[in-house]
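Each chain, written out:
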Amino acid sequence: MGAARLLAKAWVAFCLFAGAHAVVAAIHGGIPVSQALLQIGLCIVLFVPMGLLFVGGFGFAGGIGKLSRLQPIHFAPGFNEIVFMIFVVASFAMQISFAPEKELGGVLGALQAALHFVVPAQRSLETALAACPIEGGGIVFASAFAWLLALIYLGSALSRIRLAAGIVRLERKVRPEMFGETPLAAVLGLLAVVAIQLLFFGTAYSLLPCGVFPTVIGSVMIGLAPLMFSYLVVAAITNILALGPED
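Here the structure is a predicted model, which is why all the values come from computation and not from measurement.

All right, on to the state of the cysteines then. Counted according to the given criterion, the structure contains one disulfide. The disulfide partner of C132 is C210, and the S-S distance across this bridge is 2.1 Å. In this structure the cystine formed by C132 and C210 twists about its S-S bond by roughly -85°; its chirality is therefore left-handed. Of the two residues, C132 is situated in the loop between α5 (120–130) and α6 (137–158) and C210 in the loop between α9 (203–207) and α10 (216–223); the sequence distance between them amounts to 78 residues. Residue class for C132 comes out buried when judged on its relative accessible area of 10%.

This is the structure we're talking about:
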């Protein structure tokens, strides 16, 4: 849950998710699959290392990123990360292949109605799309599905939050945080509060112009942002609990 690792994970998730949507959009635009994969894949290959180099420099500048301390286990995903990746893939698959373009009924309609009641962002998105000259049925359902996955992930991760905080304490005995444990927890807590307002309460959706929703950025906001919100909240709570004494 260190700052450098959080930044690296967020950057990789954003690049891969946005790149995958860009490939799909290019294919729908008539570009051959091989050409779309080559062109956009090259952009992903360039952008991912650029961000990781920045994050790596951020870590090394703090004096904690020495190569001698890096072990293969540091790059292995934990249970939360594996669940997160599976949910991201499921959200992406829903956006490109199953999200309907009209009003829903039955179980899917009930799911959308339930998320409309539970998540304020869902209502904010529906209000924003109602003022746009685009068909928003598929976008609304894809958002509801992403928020469902985000809430499941949040509940699953919070059920093991004390264990995660204990692991963070052990890691910090070997690799202290560059700016200190308390400042990191404070920054993550502040970011989580901002994310709650922008994403969970839907302020960000109400600020997006209509033309953004059908684009790659709109797809990222709908399909990936809810999951990244949950991941950030879990990281903030974990770091705050890690400040306390060991049980």
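To continue, consider the packing of helix α8 (residues 181–200) against helix α11 (residues 225–242). Contact geometry for α8 and α11: axes closest at 9 Å, N-to-C directions at 150°. Comparing their axes, α11 and α8 come out roughly antiparallel. Considering how the two elements wind past one another, α8 and α11 form a crossing that is left-handed. Across from L184, A185, L188, G189, L191, A192, A195, I196, L199 and F200 in α8, the residues of α11 making contact are A225, F229, L232, V233, A235, A236, N239 and I240. Residues that form the contact of α8 with α11 fall into these classes: 16 nonpolar, two polar and no charged.

Right, let's talk about the confidence of the model for the protein for a bit. Per-residue confidence for the protein gives a mean pLDDT of 83; residues scoring 70 or more make up 82%. Across the protein, α10 holds the top mean pLDDT of 93, while helix α2 (residues 33–61) sits lowest at 77. Contacts of residues 60–68 to residues separated by more than four positions or lying in other chains number 10 contacts, the stretch itself having pLDDT below 50.

Attention now goes to α10. In terms of residue burial, α10 counts as a mostly covered element, since six of its eight residues are buried. Turning to α10, its buried residues number three or more, namely G218, S219, V220, M221, I222 and G223.

Summarising the element assignment, Q95 is placed in helix α3 (residues 79–98). Excluding residues that lie within four positions of it along the chain, Q95 makes contacts with F17, H21, A142, S219, I222 and G223.

Here helix α7 (residues 161–174) is 14 residues long and its end C-alpha atoms lie 21 Å apart, about the 20 Å a rise of 1.5 Å per residue gives. Those residues of α7 lying buried are I161, A165, V168, R169 and R172. The arc enclosing the buried residues of α7, seen along the axis, measures out at 100°, which places them on a common side. Projecting away from the buried face of α7 at angles above 90 degrees are the exposed residues L163, L170, K173 and V174. On its buried side, α7 packs onto α6, α8 and α11.

So, about the packing of aromatic side chains. This model, assessed by the stated rule, comprises nine aromatic pairs. Between the aromatic rings of F17 and F92, the centroid separation amounts to 5.9 Å while the plane-to-plane angle is 75°, which identifies the pairing as edge-to-face. Residue F17 is found in helix α1 (residues 3–28), and its partner F92 is found in helix α3; the two are separated by 75 residues along the sequence. Classification of F17 by relative accessible area gives buried; the value is 3%. Overall, the relative accessible area of 16% leaves F92 in the buried class. Between W147 and F200, the ring centres sit 5.9 Å apart and the planes meet at 75°, which makes this aromatic pair edge-to-face. Taken together, the residues span a long stretch of sequence, with W147 in helix α6 and F200 in helix α8 at a distance of 53 residues. Looking at F200, the relative accessible area reads 19%, which means it is buried.

Next up on the list: a nonpolar patch on the surface. A surface patch of nonpolar side chains, about 420 Å² in accessible area, is lined by L42, L46, F47 and M50. With respect to the element layout, L46 can be found in helix α2.

Our next topic: the environment of I237. Relative to the helices and strands, I237 resides in helix α11. Judged by relative accessible area, I237 falls into the partly exposed class, the value being 31%. In the structure, I237 is positioned 75 residues away from R162 in sequence and 9.6 Å away in space, judged by C-alpha atoms. Beyond its immediate sequence surroundings of up to four residues, I237 is in contact with L158 and I161.

Thresholds, definitions, all that
- Residues numbered from 1 in each chain as written.
- Predicted model: local features only at pLDDT ≥ 70, side-chain atom pairs only at ≥ 80, totals over all residues.
- Heavy atoms only, no water.
- Disulfide = S-S within 2.5 Å.
- Helix = DSSP H or I, 4+ residues; strand = E, 2+ residues; numbered from the N terminus.
- Buried < 20%, exposed > 50% of the residue type's maximum accessible area, 1.4 Å probe, protein only.
- Axes fitted to C-alpha atoms, helices over the stretch in contact; angles between N-to-C directions.
- Parallel < 35°, antiparallel > 145°, perpendicular 65-115°, else oblique.
- Left-handed = near helix turned anticlockwise from the far one by under 90°.
- Contact = heavy atoms within 4.5 Å.
- Nonpolar A, V, L, I, M, F, W, Y, C, P; charged D, E, K, R; others polar.
- pLDDT = per-residue confidence, 0-100.
- Expected span 1.5 Å × (residues − 1).
- Arc of directions from axis to C-beta.
- Phe/Tyr/Trp six-rings, centres within 6.5 Å; stacked < 30°, edge-to-face > 60°.
- Patch = residues over 30% accessible without salt bridge, like charges linked within 9 Å, V, L, I, M, F, W, Y side chains within 5 Å.
- Areas by Shrake-Rupley, 256 points an atom, 1.4 Å probe, with all protein chains shown as cover.
- Salt bridge = Lys/Arg side-chain N within 4 Å of Asp/Glu carboxyl O.

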